[in-house]
Amino acid sequence: KNQYQKDSNMIIGHGYSKFYQKYFENFKDKEFNLLEIGTWKGSSCAAFAKYFKNAKIFGIDRNFKFKYKSNRIKFINCDLTIFKDLEKLGNILNELKFKIIIDDGSHVLTHIMKNLMTFLSRVESNCYYVIEDFNAPKDEPHLNDGKGEEILIEELFQNIQEKKVLNQ
């Protein structure tokens, strides 16, 4: 059943697979690391493991609902808002770099920004850091926990594209 349409019996999902196939196809048979922030039960980690035949998939979430097992999938229970968990995560990931990082975790603005600051340096050159649902804080005001002077993700992307200096 489609979680977004109560009267539908079809599962339509988010539609990210078209984007992922277009941009990630050249990694399909390569050996690399992929990190997904926010795994819920692990369905997308399993799908990535099936699509990327030689990739090692890392999934981070604060829940214990992860239900997939594979020698190429490593689930890490971690609440990215807790300093101790971040410290533990740093020890587990050590110096790993990733060709693809997908943030599908909390859609709260400060969490998205914190994840970006924490993980962007772990992306290999000319690879991908994806923020799913990056407009959620704009579209759903309860997810914008800024103090009125925040920069939304869309604006951040625009500033980067225009090579504007960003104040921290």
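Remember, it's a predicted structure, so these values are computed and weren't measured experimentally. (Residues numbered from 1 in each chain as written. Predicted model: local features only at pLDDT ≥ 70, side-chain atom pairs only at ≥ 80, totals over all residues. Heavy atoms only, no water.)

All right, on to the side chain of Asn 33 then. Along the chain, Asn 33 falls in strand S1 (residues 33–37). From its side chain, Asn 33 meets the backbone oxygen of Lys 97 in a polar contact 3.2 Å long. Residues in contact with Asn 33, not counting those within four places in the same chain, are Lys 56, Phe 58, Leu 96, Lys 97, Phe 98, Lys 99 and Ile 100. (Helix = DSSP H or I, 4+ residues; strand = E, 2+ residues; numbered from the N terminus. Polar contact = N/O pair within 3.5 Å; in protein donor to acceptor, adjacent residues only side chain to side chain. Contact = heavy atoms within 4.5 Å.)

Let us now look at the environment of Glu 140. Structurally, Glu 140 is set in the loop between helix H5 (136–139) and helix H6 (153–161). The exposure class assigned to Glu 140 is partly exposed, which follows from its relative accessible area of 37%. With 32 residues separating them along the chain, Glu 140 and Val 108 place their C-alpha atoms 9.5 Å apart. (Buried < 20%, exposed > 50% of the residue type's maximum accessible area, 1.4 Å probe, protein only.)

Relative to the assigned elements, Asp 29 resides in the loop between helix H1 (16–24) and S1. On the accessibility criterion, Asp 29 (58% relative accessible area) is exposed. Spatially, the C-alpha atoms of Asp 29 and Tyr 51 are 8.6 Å apart, while their sequence positions differ by 22 residues.

With that settled, the discussion passes to unusual backbone geometry. Positive phi, close to 55 degrees, is recorded for Asn 126, a residue that is not glycine. Its location among the elements puts Asn 126 in strand S5 (residues 123–131). Of note, the phi angle at Asp 133 is positive, near 55 degrees, even though the residue is not glycine. Note that Asp 133 resides in the loop between S5 and H5. Classification of Asp 133 as partly exposed rests on a relative accessible area of 24%.

A few words on the confidence of the model for the chain. Confidence along the chain averages 88 in pLDDT terms, with 90% of residues attaining 70 or more. Considering each helix and strand of the chain separately, the mean pLDDT is smallest for H6, with a value of 85, and largest for S1, with 98. (pLDDT = per-residue confidence, 0-100.)

What follows is about helix H4 (residues 109–119). Listing the buried residues of H4 in full gives Leu 109, Ile 112, Met 113, Asn 115, Leu 116 and Phe 119. With its buried residues spanning 160 degrees around the axis, H4 presents them on a single face. (Arc of directions from axis to C-beta.)

Ranked by internal contacts, the top residues of the largest apolar core, which has 39 residues, are Phe 52, Leu 89 and Phe 119. Residues in contact with Phe 52, not counting those within four places in the same chain, are Phe 24, Phe 27, Lys 28, Phe 32, Leu 34, Arg 72 and Ile 100. (Core = buried A, V, L, I, M, F, W, Y, C linked by side-chain atoms within 4.5 Å.)

The next thing to look at is the side chain of Asp 85. By the secondary structure assignment, Asp 85 is in helix H3 (residues 83–93). Those residues in contact with Asp 85 that sit more than four places away from it in its chain are Cys 78 and Asp 79.

The full count for this structure, using the stated rule, is 16 aromatic pairs. Judged by centre distance (6.2 Å) and plane angle (75 degrees), the rings of Phe 19 and Phe 24 are edge-to-face. Residue classification places Phe 19 among the partly exposed residues on the basis of a relative accessible area of 34%. Their ring planes at 45 degrees and their centres at 6.3 Å tell us that Phe 24 and Phe 52 sit as a pair that is tilted. Note that Phe 24 is positioned in helix H1 and Phe 52 in the loop between helix H2 (43–51) and strand S2 (56–61), a separation of 28 residues in sequence. (Phe/Tyr/Trp six-rings, centres within 6.5 Å; stacked < 30°, edge-to-face > 60°.)

All right, on to the pattern of salt bridges then. Applying the stated criterion across every chain, the model contains 4 salt bridges. The partner of Glu 124 in a salt bridge is Lys 99, with the nearest N and O atoms 2.8 Å apart. With Glu 124 in strand S5 and Lys 99 in strand S4 (residues 98–103), this pair connects stretches of sequence that are 25 residues apart. Here Glu 124 falls in the partly exposed class, since its relative accessible area comes to 28%. Look at Lys 99 and you get buried, because its relative accessible area is 17%. Two residues, Lys 164 and Glu 162, come together in a salt bridge whose shortest N-O distance is 3.2 Å. (Salt bridge = Lys/Arg side-chain N within 4 Å of Asp/Glu carboxyl O.)

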